[in-house]
Amino acid sequence: MFAELVCQSNFSFLEGASHPEELVSTAAFYGYEAIAITDECSVAGIVRAWQEIQSNRLPVKLITGSLFTFSDSLRIVLICPNKRAYSELCRIITNARRRSAKGQYSLAEWDLKSIRDCFIVWLPKGNEHDEHWGAWLAKHHPKRCWIGASRLLDGSDHETFAHTRKLHQTYHFPVVATNQTLCHHPDRQPLQHVLHAIREGKKISELGFDAMKNQERSLKPLTTLTRLYPKAWIDESIALAHQCEFCLSELKYQYPCELVPDGFNATTYLRHCVEQGIKRRFPEGVTDSIRGIIEKELALIHSEGYEYFFLTIYDIVQFAKSQGILYQGRGSAANSVVCYCLEITAVDPRQINVLFERFISKERNEPPDIDVDFEHERREEVIQYIYIKYGRERTALAATVITFRFKSAFREVGKVLGFDESQLGYWLKQINLRDRTLGWKAQLASLGLDNTNKNLAHLFSITETLLGFPRHLSQHVGGFVISAGPLYELVPVENAAMAERTVIQWDKDDLESLGLLKVDVLALGMLTAIRKIFALIEQRYDLPVSIPFISKHADDKQVYDAICNADTVGVFQIESRAQMSMLPRLRPRCYYDLVVQIAIVRPGPIQGDMVHPYLLRRHGDMPVTYPSEEVRSVLSRTMGVPIFQEQVIQLAMVAAGFTGGEADQLRRAMASWKKTGKLLQFRSKLIDGMTERGYKSEFAEQLFEQICGFGEYGFPESHSASFAVLAYVSSWLKYYFPAEFYTGLMNSWPMGFYSPAQLVKDAQLHQIRVLPVCINHSEYDHSLTAAGELRLGLRQVKGLSEEGARGLVTNRPPSGFTQLSSIQQCGLSQGDIAALASANALTDISAHRFDARWKVADTQQSLPLFSEESSDTYQVSAPSPAEDMIEDYASLALSVDKHPIALLNASGKLKHITFANQLAHKAHKTPVRIIGNVVGRQAPGTAGGVTFVTLEDHTGNINVIVWQNTARAQKQPFLSATILEVHGILERSKEGVCHVIAGKLINRNDMFSSLTVKSRDFH
């Protein structure tokens, strides 16, 4: 037997060369007694190792520890024998990390002196410093220190062992054998060299003797270890491991208790808040059925001890409400009646079929799921409220593990292997990662690369292995962990890159593995837009509008008519081209139809081939049937077709016999499907379980495919229900207040699916006049005139600083600017004024943009002697319409009165072209030629290699379908065209949805070589 006590995973970033899961699995395979994961000043990888052991019942003990370097002369590993030692380790890591910038740490001698519970494994350097540190450790920690001895077959083993024995005899520290492991298998040495070189910013050939000399720092079979180390040292490693009893399952999480006022406990105060909410939400009183659900939910919350969790979220949303910050809760628990009464969500439980079993799954041991979205421009106020209320000692954000993706891995591996950066860049440009039938290696091989080149083979193999390796920790988008006591007693805390942010060393999956709760404080741009639209409506019409007000008018026929006609540009969730193609087919007519609409255009239902059966059943073209009553209980609300993630998990339980624990494992496997591929291990159990219970194998196969689809992008009903509220609200606002709608959207940008240019185009198609930027009429934000025209704001001008724009508005004379010198005297920089000139915002004081630019370039105008306007009569030629348009796009990213396709058409350059507004008059299967700006390319994983391209001409948008072979054969125009001409076949569905099947693709960028039109590609 053996216990490896010094082992770094790849969470020792750019040093360890194996995943924690690989290390513990290999240790179990070799028959180790125990293995310690001891990443440097970190416990970021420990939960993954623990989860691997738990999930696969591996017969190996996991020890928690961490490696530290102090002043380059001392290397030690701290390991945890008990819970107190673990808390001590977390405190030491937190102190060391908080003293330094993100990604670094600074250990203090006080940290070492303060050790009372951790065991110390000292890794001597083999130099003169060892005498000092041996004496120091003997003085401060005589009973808690061991010497770690390694035999690395590097030519110095004899001296190392002699030195170790001398230290042992001098200071009487026991000796333990350790490989100081960095890899689970010897074949990871090349990868470790690559990681080392990336960390040092060098080529591998430049590492010299600093590189790992051989493959010895990997886990070894027991037979090899007994040949390398004295038996006493191996036995001591086992003896030390036996003293380590701490397990991560001991960690318990307590929410802060100050939320509960005097005279209440958590249970009674939660009930009090709910009863107060009932009066607001149900002024006419609650029905017996709703009261029954409330009592069940409160009882379950109490039995699981989740009162503080709900009260914490209640407190946060009450703060947002008091500050006028819009928010919306979502998630399985958020859509409960309790959360509706607590005003966490606007989803009325009477509008959806609230299933108690989906609220908190006691059987599946799932914690309550509540995410709260806040306005993206005001979420920081909520975050600071949390920090101020609980203090940085008790709250921090969860981490997000940033991993190597293909392009970063390929480029960084290539650089350290010695490839030229320009060569790597060229190769990357030739790879279409969305081509799922021709891998990146095959695509590069088609370029004629030398397949005998060993360096090229290394590039390919190491890049493949590096994919998914952790690169560094970042902060979660909004997942807060809040504790009753110091958070560092539960998990280490470190500084984030963003000022005033601290993060824990675990991500959301780690927290879930340990059953620890987090509060998700997320940002949503649509909420910002809705608040701004509300303000514009109240300003213009003195009409107070709110989400509850609109929700009361939830079955407006005219609004649903617009939705069914796919008039949803800018509308929340149902604005993508895929959603807009589905809307005329599904034809939602009520709130729950929107819930289904939002969820059905997702990988799960599509990959499981559930979309067409649902549509056929919905429109009466297929009978609604159920293979059993158990299945009916799960699928009755979606006509016998599984649409939501919760439904497939429930089906696994009622139709395939999954236990609650197995269903929880299935859910977790779905969440990490792309990372781990663990879903495949459930295939036979699911299919066999269903066929044994009399279900057809086709139904079982279909369900498994859908589960895999949800693994690509899970979308539960609880989230769809919350999103449907905002989808309807934004649709209602667009229909009844279109000018305010577009203005609010553009003032909230960047957000959503469409660029300002597309929003302006859609506004114009809705008969809204859009006015250009003007120094005398534009505010900083986009605004509305008294006549309801949309005036572009100064925020749209590229290169104009916000400070300069706001200063211009503040100092603008009541009669407006009449000369350039008065603008210059407002404190704007020369760059700000040049940006205004380029944007044609100076037309009130110049003939045109070229004239304005000429005047701005005459820097003498800003001198006091020349404060009056020059009498120079030199005339600058006006730009042509094409030049004007190009300048518009370059300076504003849009043009209010010119479109590239309209100009080309006016100049007679477009022959035999069919425009967007003419397609409706063409017959099905008609050959057509179309042209437009490329505004989007989408290649969903469920599309079988198909890419959906959106072209915009001056009359509207055109949907183009590009088959994989077409894209592959015409890669250059497919990927590079800004203006694309397509020869293809028009297809029209029976519902009237038109698209063009692409045949020939022609890059027409040469028609406007300097035009800068950006497309939204592959998001």
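Since the structure is predicted, the reported quantities are computational estimates derived from the model, not experimental observations.

Undergrad: I'm lost on the overall build of the chain in this one. Help?
TA: Counting its regular elements, the chain contains 43 helices and 23 strands. For 1019 residues, the compact-globule estimate of 2.2 N^0.38 gives 31 Å, and the C-alpha radius of gyration of the chain, at 32 Å, lies within 12% of that figure. Seen along its three principal axes, the alpha-carbon backbone of the chain occupies a region of about 95 × 80 × 65 Å. When the 1019 residues of the chain are sorted by exposure, 57% land in the buried category. Restricting the contact set of the chain to residue pairs at least 6 apart, pairs at least 24 apart contribute 72%. As displayed, the chain has an accessible area near 42300 Å², and 51% of this comes from carbon and sulfur atoms.

Undergrad: Would you mind going over the pairing of strand E13 (residues 502-507) with me for this structure?
TA: Note on strand geometry: in a regular strand, side chains alternate between the two faces of the sheet. In terms of residue burial, E13 counts as a mostly covered element, since 6 of its 6 residues are buried. Looking at chain direction, strand E10 (residues 395-403) and E13 are connected through 2 bridges and run parallel. When the sheet's bridge partners are listed, Leu 397 is paired in E13 with Val 503. One ladder, built from 3 bridges, connects strand E12 (residues 493-495) with E13; its direction is antiparallel.

Undergrad: What exactly am I supposed to notice about the domain arrangement of the chain here?
TA: You'll often see interface size given as the accessible area lost when the parts meet. Segmentation of the chain into domains returns domain 1 (3-250), domain 2 (257-396 + 507-524), domain 3 (405-467), domain 4 (613-704), domain 5 (779-892) and domain 6 (900-1018). Placing the centre of domain 2 and that of domain 6 at their C-alpha centroids yields a distance of 47 Å.

Undergrad: What's the story with the pattern of salt bridges in this structure? I'm lost.
TA: Opposite charge on two side chains permits them to pair, given that their charged atoms come into close proximity. Counted under the stated rule, the structure contains 50 salt bridges. Among the salt bridges present, the one from Asp 235 reaches Lys 231, with a minimum N-O distance of 2.7 Å. On the criterion of helical spacing, the pair formed by Asp 235 and Lys 231 is a turn pair, its members being 4 residues apart in helix H9 (residues 231-242). Exposure remark for Asp 235: the relative accessible area of 32% places this residue in the partly exposed category. Since its relative accessible area comes to 62%, Lys 231 is described here as exposed. Its salt-bridge partner being Glu 740, residue Arg 540 comes within 2.7 Å of it at the nearest N-O pair. In this pair, Arg 540 sits in helix H20 (residues 525-541) while Glu 740 sits in helix H34 (residues 738-747), placing the two residues 200 residues apart along the sequence. Residue Arg 540 is classed as partly exposed on the basis of its relative accessible area of 31%.

Undergrad: Explain helix H38 (residues 830-838) here, please?
TA: For H38, every residue scored as buried is listed here: Asp 832, Ile 833, Ala 835, Leu 836, Ala 837 and Ser 838. Buried positions along H38 lie against helix H36 (802-810), helix H37 (820-824), helix H39 (849-857) and helix H40 (881-892).

Undergrad: It is not clear to me how the packing of aromatic side chains should be interpreted in this structure. Could you clarify?
TA: In this description, a pair of aromatic rings is defined by centroid distance and the angle of the planes. Tallying each qualifying case throughout the model produces 36 aromatic pairs. Ring centres 6.3 Å apart and planes at 80° place the aromatic pair Phe 68 and Tyr 105 in the edge-to-face group. You can see Phe 68 sitting in strand E3 (residues 61-70) and its partner Tyr 105 sitting in the loop between helix H3 (83-98) and helix H4 (109-113), a full 37 residues away along the chain. No difference in accessibility class separates Phe 68 from Tyr 105, as the two residues are buried. Each residue in the set Phe 406, Phe 410, Phe 419, Trp 427, Trp 440 and Phe 460 is aromatic and connected to the rest through ring pairs, giving one cluster. One Lys or Arg, Lys 685, reaches over the ring of Phe 658 and ends 5.2 Å from the middle of that ring. The cationic tip of Arg 806 hangs over the ring face of Tyr 780; the distance from NZ or CZ to the ring centre is 4.0 Å.

Undergrad: When you look at the state of the cysteines in this model, what are you seeing that I'm missing?
TA: Counted under the stated rule, the structure contains 0 disulfides. Free cysteine Cys 7: the closest other cysteine sulfur is in Cys 183, separated by 9.4 Å. Overall, the relative accessible area of 0% leaves Cys 7 in the buried class.

Undergrad: Would you mind showing me how to read H9 here?
TA: Residues three or four positions apart in an α-helix share a direction because the helix packs 3.6 residues into each turn. Between its first and last C-alpha, H9 extends 17 Å over 12 residues, near the 16 Å set by a 1.5 Å rise per residue. Among the residues of H9, Trp 233, Ile 234, Ser 237, Ile 238, Leu 240 and Ala 241 are the ones counted as buried. Down the axis of H9, the smallest arc covering the buried residues is 160°, so these residues share one side. Turned more than 90 degrees off the buried face of H9, the exposed positions are Lys 231 and Ala 232.

Undergrad: Just checking my understanding: could you explain the side chain of Thr 638 for this structure?
TA: Relative to the elements of secondary structure, Thr 638 occurs in the loop between helix H27 (629-635) and helix H28 (645-656). Within the structure, Thr 638 has its side chain in polar contact with the backbone oxygen of Val 641 (distance 2.7 Å). The residues contacting Thr 638, other than those within four sequence positions of it, are Tyr 592, Tyr 614, Ile 643, Phe 644 and Gln 647.

Undergrad: Looking at this structure, I do not really get the environment of Ala 656. What am I missing?
TA: Locating Ala 656 in the fold gives a position in helix H28. For Ala 656, a relative accessible area of 3% gives the class buried. Distance from Ala 656 to Leu 686, taken between C-alpha atoms, is 5.5 Å for residues 30 residues apart in sequence. Leave out the neighbours within four places in its chain, and Ala 656 touches Leu 651, Leu 686, Gly 689, Met 690 and Arg 693.

Undergrad: Sorry if this is basic, but what is going on with the side chain of Ser 718 here?
TA: Residue placement: Ser 718 occurs in helix H33 (residues 717-736). Given the relative accessible area of 8%, Ser 718 is considered buried. Filtering out sequence-adjacent residues up to four positions away, Ser 718 remains in contact with Arg 330, Gly 331, Ser 332, Asn 335 and Glu 646.

Undergrad: Honestly, the sheet that holds strand E7 (residues 175-177) in this entry has me stumped. Any pointers?
TA: Paired through backbone hydrogen bonds, the strands of a sheet run either parallel or antiparallel to each other. Within the open sheet, the 7 strands sit side by side as E1-E2-E3-E4-E5-E6-E7. Their pairing is mixed. Strand pairing shows two members of the sheet lacking a second neighbour, strand E1 (3-4) and E7, which therefore form its edges. Bridging between strand E5 (residues 119-122) and strand E6 (residues 145-149) involves 3 bridges; their strand directions are parallel. Within E6, the position partnered with Trp 122 by the bridge is Ile 147. Against the sheet, helix H5 (residues 129-140) contacts E3, strand E4 (74-79), E5 and E6, and its axis sits at roughly 165° relative to E5.

Cut-offs applied
- Numbering of residues begins from 1 in every chain and follows the order in which that chain's sequence is written.
- Reporting in this predicted model follows two pLDDT cut-offs: at least 70 for local features of residues, and 80 or more for side-chain atom pairs to be given and counted; totals over whole chains, interfaces and linings ignore these cut-offs and use all residues.
- Where side-chain values are given, they derive from all heavy atoms of the structure, hydrogens and water being excluded.
- Runs of H or I in DSSP of at least four residues are treated as helices and runs of E of at least two as strands, each being numbered from the N terminus.
- Both definitions apply: the radius of gyration is a C-alpha atom measure, and the globule rule equals 2.2 Å times residues to the power 0.38.
- A 1.4 Å probe rolled over the protein chains alone gives each residue an accessible area, and that area as a share of the maximum for its type sets the label: buried under 20%, exposed over 50%, partly exposed in between.
- Should any heavy atoms of two residues lie within 4.5 Å, those residues are counted as being in contact.
- We get accessible surface area from the Shrake-Rupley algorithm with a probe of 1.4 Å; when it comes to residues, only the shown protein chains can shield them.
- What makes two strands pair is DSSP finding at least two bridges between them.
- These domain limits were set by an automatic method or by a database of domain assignments.
- Salt bridge criterion: a side-chain nitrogen from Lys or Arg within 4 Å of a carboxyl oxygen from Asp or Glu.
- Aromatic rings from Phe, Tyr and Trp, taking only the six-membered ring of Trp, are treated as a pair when their centres fall within 6.5 Å; an angle between ring planes under 30 degrees marks them as stacked, one over 60 as edge-to-face, and anything in between as tilted.
- Placement of a positive charge over a ring is assigned whenever Lys NZ or Arg CZ falls within 6 Å of the ring centre and within 35 degrees of the normal to the ring plane.
- Disulfide: a pair of cysteine sulfur atoms within 2.5 Å of each other.
- Multiply 1.5 Å by the residue count of a helix minus one, and that product is the helix's expected span.
- By definition, the arc is the one covered by directions from the helix axis to the C-beta atoms.
- We define a polar contact as two N or O atoms separated by no more than 3.5 Å, with the added condition that, inside protein, one atom must be a possible hydrogen donor and the other a possible acceptor, whereas residues neighbouring each other in sequence contribute only through side-chain atom pairs.
- With axes taken as lines fitted to C-alpha atoms, and helix axes fitted only over the stretch in contact, angles between N-to-C directions fall between 0 and 180 degrees.

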